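Residues per chain are reported as follows:
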Amino acid sequence: MNFFRGVMGGQAAGPQPSGAETIQKLCDRVASSTLLEDRRDAVRALKSLSKKYRMEVGTQAMDHLINILQTDRSDSEILGYALDTLYNIICNDEEEEQDENAQKQADDLGAQFTDKFIQDPEHITLLLTLLEEFDFHVRWPGVKLLTALLKNQGVQVQGIILVSPMGVSRLMDLLADSREVIRNDGLLLLQQLTKGNAAIQKIVAFENAFERLLDIITEEGSSDGGIVVEDCLLLLLNLLKNNSSNQNFFKEGSYIQRMKPWFEVGDDNAGWSAQKVTNLHLMLQLVRVMVSPVNSPGATASCQKSMYQCDLLQQLCTILMATGVPADILTETINTVSEVIRGSQVNQDYFASVNAPSNPPRPAIVVLLMSMVNERQPFVLRCAVLYCFQCFLYKNQKGQGEIVATLLPSTIDANSISAGQLLCGGLFSADSLSNWCAAVALAHALQDNLTQKEQLLRVQLATSLGKPPVSLLQQCTNILSQGSKVQTRVGLLMLLCTWISNCPIAVTHFLHNQENVPFLTAQISENLGEDERLVQGLCALLLGICIYYNDNSLENYTKEKLKQLIEKRIGKENFVEKLGFITKHELYSRAAQKPQPVFPSPEQMLFDHEFTKLVKELEGVITKAVHKSTEEEKKEEEVKKTLEQHDNIVTQYKELIREQDAQIQELKEQVASMTSQNEQMQTTVTQQLSQIQQHKDQYNILKLKLGKENQSQSSSQGDGSQMNGLQTEELSQLREEVEELRKQHSLLQTQLGDKDALINTLVCRCLCLFESVFRHWGMISGSQSFMKYIPVKSLDTPSHLMNQVQSQSTEITQLKTERQDLLRKAENKNAQPPLSSRFFLPCAQEEVKRLSESRAELEQQLASSTSTVAILQTEKTKLQTEVQESKKEQDDLLMLLADQDQKIHNLKQRLKDLGETVEQLPALFCFLNASGEIIVLTTLSSVLKPHLIKPVEEE
């Protein structure tokens, strides 16, 4: 510890060690000490020496400090000292002022130490891990160190963080830290991290960066906030600029709507702070990033639409017309409004309707043009107004027509200042910058608009009292020939080239002035200085346009004569060389880069962006047109005419196709209408058919009612009314059913009779046979007979069959009776006197109901009779089978009886032969009756008694 006291406090006695020696001892102490307190004290000492001895500490102690970060993770204090020391040796920010060479050496030193630190990517990963520590003394130095590394070697560090797992997400957590110091330094870290790396920008955006940043801006007071708002806006610009994915995500997330409150400026705009100006300037830049002309047209149009719908454009126009707004904010607001309305018809129409709060109210366009042509206004403000006017007219033929209309004689109002008057005033003022701005603004009113080019030829100007008015075209050429400033002549030549290009009528008007062509040829053919080369190139372009778009309506200035004039006075090669002076000018390429006119000084304001497009388009075709011979010209004319004819034919066919498409569309609509009408008509027809059926039913009812009037008025006779509701078809059907039942009954009776006869015949045959046998053997006398002893039951059918037959006979008799009743009622129908329909209708309804029930009962009886017939048929079959079996059994029994009788006779005879007395035995005779029972007949005392065996019953 005495060693550290000597280092920190210093000892009076003895020679003092040098800084390098002290740092070496401290590094050895850090590397060799086993106690954490000793290492902590050594690192604290290195931190105190790191600013003064930056080179020595960085060279000797960096490896030891990194090792401390890896091994002593548990002690936040030593980690904080190590991170602070690394930050001091890597950061290039010096508190004291240094000369340029010293600052350069410091920057190189920081870059060297940064390269040494990031040689191992694990060091960055280690640093990202330390940022997860919540301890303030670890997290804050870590944020500052990583920010310094990104400043020195941004691309390399970005690459390491990008491939590190959850690297960007860990850094995004800094924005949610409750300690404002860490959150604010986290904003600075993310600014460095997102510079020029689209992949990291997307990751940060999808980590909910927009929501967090907008919340911070709102919490800090929006435009009235401090430097934290500025840092948030700078980070938003990094995320959105030239990143279409993030721009689309910003728009789809409805974050454009959250920008509107930023621009709510009060009536009292005095005393704007520098920070508020900076914040609002960045906010306007953020709006411009979303609608920049370099973005894709679809994305730009979508953002413009959103800004109009959420009233952001209206809020910007309010700032535009407000008083007391600082000049730089007003300039940036004009540029922002310009790009919000550029190419959007809805936004352009709204801007045209904005009026300045003056008395009387004036359109905002007029107020802005007054600033543009006023030479006392700042140069950047005049450029912004010109850009705003150009954006208002971009792809806006309606706006172009309104501007040109203010120049026409029929629309000029002497009591008010119009846009056309301001443009003419600026075009012919003594200020060359006003001349150039007015010429370019008027050229944009004619851009790609043939109608307005022709309309502008009607404009007449009064030059002085007592002289006739001259056309605007002639006045421009007059000023051009007077030899004014280069900027003025360049502006007028650009206006003339835009005006007469692709407009043969304007070319004819220009050539009609006999002084114009000689002036142009003289300007081109002269050998002038460097400053005049651009004017010569523009004159050559104007003369080339007169050749290319010449319709040969003027005999003296046809295409051929103009080419001959160029060849004689200028020379074709010289003419093409002078024409190339335009694109070779140093300011030409700068103007061709972007639409906004941005120039460092008024003297360099020579080219317009849209005019550079026109030069690029016409330079090649004019060169070809000048070099072509007469024969080639004729061939080209023929080809051109042929192409025009083809184009006309194609146009005619296109028109025909359009007409046919319109007709097809109309026919489709008619078909759809007729289909709908057809469906309605079908519905109507269905309804009418239903109504007709109802009317038919009503007619039938009425017809029945009329028929009922012919019936009897007697209420007691129900028979007459019972048939009133039946139709002839129903009566016929009932007759047929009754007849069918009668046939079935007759058939059934026939079958039953046949069956009875068969049974009786069989029984009689059996009895006759038994009787003959008994008579043969002397068992019965001549007066005796079996027939009278046979019960009636044995000669008849079974009792249950007889009962069924009797029941069926009764039912058939009943059906016959009902049939006779129905026929009698039908016959008495016409014999009844007429009845009133009002009296007869209830009886008829009751009779119809009763007849329906009777018919249902008849159908049930018919079904029952059919079932009975089937049952009887089955019984008949069974009986026939039993009769056959009984016959066979009787035959067998007769055979047995005959054998038995023969044996008895033989035995009797033998007994008689032996002298034995043989008693007379009773004669026995057995047979089966119809019920299958065995009947035994005996002859005792000349009386025949039947006995039943199995079982035995008395009959």
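Note that the coordinates shown come from a computational prediction; the quantities given were computed from them, not determined experimentally. (Residues numbered from 1 in each chain as written. Predicted model: local features only at pLDDT ≥ 70, side-chain atom pairs only at ≥ 80, totals over all residues. Heavy atoms only, no water.)

## With respect to the overall build of the chain
Phase 1 of the analysis: What the chain contains, in helices and strands, is 42 helices and seven strands.
Phase 2 of the analysis: Sequence-distant contacts in the chain: of pairs separated by 6 or more residues, those separated by 24 or more amount to 70%.
Phase 3 of the analysis: A total of about 51100 Å² of accessible surface is found on the chain, and carbon and sulfur atoms cover 51% of it. (Helix = DSSP H or I, 4+ residues; strand = E, 2+ residues; numbered from the N terminus. Contact = heavy atoms within 4.5 Å. Areas by Shrake-Rupley, 256 points an atom, 1.4 Å probe, with all protein chains shown as cover.)

## Things to note about the side chain of Thr-85
Phase 1 of the analysis: Relative to the helices and strands, Thr-85 resides in helix 5 (residues 76-90).
Phase 2 of the analysis: Sequence-distant contacts of Thr-85, defined by excluding residues within four places in its chain, comprise Val-43, Leu-46, Lys-47, Ser-50, Val-57 and Leu-65.

## Structural notes on unusual backbone geometry
Phase 1 of the analysis: Of note in the backbone geometry, Asn-242 takes a positive phi value of approximately 60° without being a glycine.
Phase 2 of the analysis: As for its position among the elements, Asn-242 is in the loop between helix 14 (227-240) and helix 15 (244-252).
Phase 3 of the analysis: Judged by relative accessible area, Asn-242 falls into the exposed class, the value being 66%.
Phase 4 of the analysis: Its identity as a non-glycine residue notwithstanding, Asn-552 has a phi of 60°, on the positive side.
Phase 5 of the analysis: When you line up the elements, Asn-552 lands in the loop between helix 31 (530-548) and helix 32 (559-569). (Buried < 20%, exposed > 50% of the residue type's maximum accessible area, 1.4 Å probe, protein only.)

## Concerning the packing of helix 7 (residues 121-130) against helix 9 (residues 154-163)
Phase 1 of the analysis: Where helix 7 contacts helix 9, the two axes come as close as 10 Å, and the packing angle between them is 65°. Between helix 7 and helix 9, the crossing angle belongs to the class labelled roughly perpendicular. In terms of crossing hand, the pair formed by helix 7 and helix 9 is right-handed. Where helix 7 abuts helix 9, its residues Pro-121, Ile-124 and Leu-128 lie against Val-157, Ile-160 and Ile-161. (Axes fitted to C-alpha atoms, helices over the stretch in contact; angles between N-to-C directions. Parallel < 35°, antiparallel > 145°, perpendicular 65-115°, else oblique. Left-handed = near helix turned anticlockwise from the far one by under 90°.)

## Concerning the nonpolar core
Phase 1 of the analysis: Ranked by size, the top nonpolar core spans 209 residues in total, and within it Leu-146, Leu-171, Trp-262, Phe-263, Phe-351, Trp-499 and Leu-541 carry the most contacts.
Phase 2 of the analysis: Counting residues per element, this core draws most heavily on helix 22 (residues 379-393), which supplies 12 residues. (Core = buried A, V, L, I, M, F, W, Y, C linked by side-chain atoms within 4.5 Å.)

## Re helix 19 (residues 327-341)
Phase 1 of the analysis: The terminal C-alpha atoms of helix 19 lie 21 Å apart, and with 15 residues this matches the ideal 21 Å at 1.5 Å per residue to within 8%.
Phase 2 of the analysis: Across the 15 residues that make up helix 19, a large majority, 12, are buried.
Phase 3 of the analysis: Looking only at helix 19, the buried set comprises Ile-329, Thr-331, Glu-332, Thr-333, Ile-334, Asn-335, Thr-336, Val-337, Ser-338, Glu-339, Val-340 and Ile-341.
Phase 4 of the analysis: If you follow the buried residues of helix 19, they end up packed against helix 16 (274-290), helix 17 (297-309), helix 18 (312-321), helix 20 (345-353), helix 21 (364-372) and helix 22.
Phase 5 of the analysis: In the stretch just after helix 19, Gly-343 is the one whose phi turns positive, near 80°. (Expected span 1.5 Å × (residues − 1).)

## Focus on the packing of aromatic side chains
Phase 1 of the analysis: Taken as a whole, this structure holds 11 aromatic pairs when the rule is applied.
Phase 2 of the analysis: An angle of 25° between the planes, with centres 5.4 Å apart, marks the rings of Phe-136 and Trp-140 as stacked. In this pair, Phe-136 and Trp-140 both sit in helix 8 (residues 136-152), four residues apart, roughly one turn of the helix.
Phase 3 of the analysis: On the accessibility criterion, Trp-140 (26% relative accessible area) is partly exposed.
Phase 4 of the analysis: Ring geometry for Tyr-548 and Tyr-549: centres 4.9 Å apart, planes at 85°, overall edge-to-face.
Phase 5 of the analysis: The class for Tyr-548 is partly exposed, based on a relative accessible area of 30%. (Phe/Tyr/Trp six-rings, centres within 6.5 Å; stacked < 30°, edge-to-face > 60°.)

## Re the pattern of salt bridges
Phase 1 of the analysis: Applying the stated criterion across every chain, the model contains 22 salt bridges.
Phase 2 of the analysis: A salt bridge links Arg-40 to Glu-77; the nearest nitrogen and oxygen atoms lie 3.6 Å apart. Taken together, the positions of Arg-40 in helix 3 (residues 36-49) and Glu-77 in helix 5 put the pair 37 residues apart, joining distant regions of the chain.
Phase 3 of the analysis: Its relative accessible area of 34% is what places Glu-77 among the partly exposed residues.
Phase 4 of the analysis: Each of Arg-40, Asp-41, Arg-44, Asp-75 and Glu-77 takes part in one network of salt bridges that share partners. (Salt bridge = Lys/Arg side-chain N within 4 Å of Asp/Glu carboxyl O.)

## What about helix 25 (residues 432-446)?
Phase 1 of the analysis: Here helix 25 is 15 residues long and its end C-alpha atoms lie 21 Å apart, about the 21 Å a rise of 1.5 Å per residue gives.
Phase 2 of the analysis: In terms of burial, helix 25 is largely enclosed, as 15 of its 15 residues are buried.
Phase 3 of the analysis: Directly after helix 25, the chain includes Asp-448, whose backbone phi takes a positive value near 55°.

## Re the side chain of Thr-331
Phase 1 of the analysis: Within the secondary structure, Thr-331 is located in helix 19.
Phase 2 of the analysis: For Thr-331, a relative accessible area of 9% puts it in the buried group.

## Things to note about a nonpolar patch on the surface
Phase 1 of the analysis: Taken together, the side chains of Ile-649, Tyr-653, Leu-656 and Ile-657 make up a nonpolar region of the molecular surface, amounting to roughly 370 Å² of accessible area.
Phase 2 of the analysis: Relative to the elements of secondary structure, Tyr-653 occurs in helix 37 (residues 630-708). (Patch = residues over 30% accessible without salt bridge, like charges linked within 9 Å, V, L, I, M, F, W, Y side chains within 5 Å.)

## Points about the environment of Trp-262
Phase 1 of the analysis: In this structure, Trp-262 sits in the loop between helix 15 and helix 16.
Phase 2 of the analysis: Residue class for Trp-262 comes out buried when judged on its relative accessible area of 3%.
Phase 3 of the analysis: In sequence terms Trp-262 and Leu-280 are 18 residues apart; their C-alpha atoms lie 7.8 Å from each other.
Phase 4 of the analysis: Non-local contacts of Trp-262, meaning those with residues more than four positions away in its chain, are made with Leu-214, Ile-217, Ser-222, Ser-223, Leu-233, Leu-236, Leu-280, Met-283 and Leu-286.

## Details of the environment of Met-370
Phase 1 of the analysis: Inspection of the secondary structure puts Met-370 in helix 21.
Phase 2 of the analysis: The class of Met-370 is partly exposed, set by a relative accessible area of 29%.
Phase 3 of the analysis: The spatial distance from the C-alpha of Met-370 to the C-alpha of Ser-418 is 9.9 Å, given a sequence separation of 48 residues.
Phase 4 of the analysis: With residues near it in sequence (within four places) discarded, Met-370 still touches Arg-362 and Leu-422.

## Things to note about the state of the cysteines
Phase 1 of the analysis: In the structure shown here, the tally under the stated rule is zero disulfides.
Phase 2 of the analysis: Of all cysteine sulfurs, the one in Cys-437 lies closest to Cys-383, which takes part in no disulfide; the gap is 6.2 Å. (Disulfide = S-S within 2.5 Å.)

## Some remarks on the confidence of the model for the chain
Phase 1 of the analysis: The predicted model of the chain has a mean per-residue pLDDT of 81, with 81% of residues at 70 or higher.
Phase 2 of the analysis: Scored below 50 in pLDDT, residues 830-843 shows 33 contacts in the model against residues more than four places distant or in partner chains.
Phase 3 of the analysis: This model gives residues 930-934 a pLDDT under 50, and the stretch forms 12 contacts once residues within four places in sequence are excluded. (pLDDT = per-residue confidence, 0-100.)

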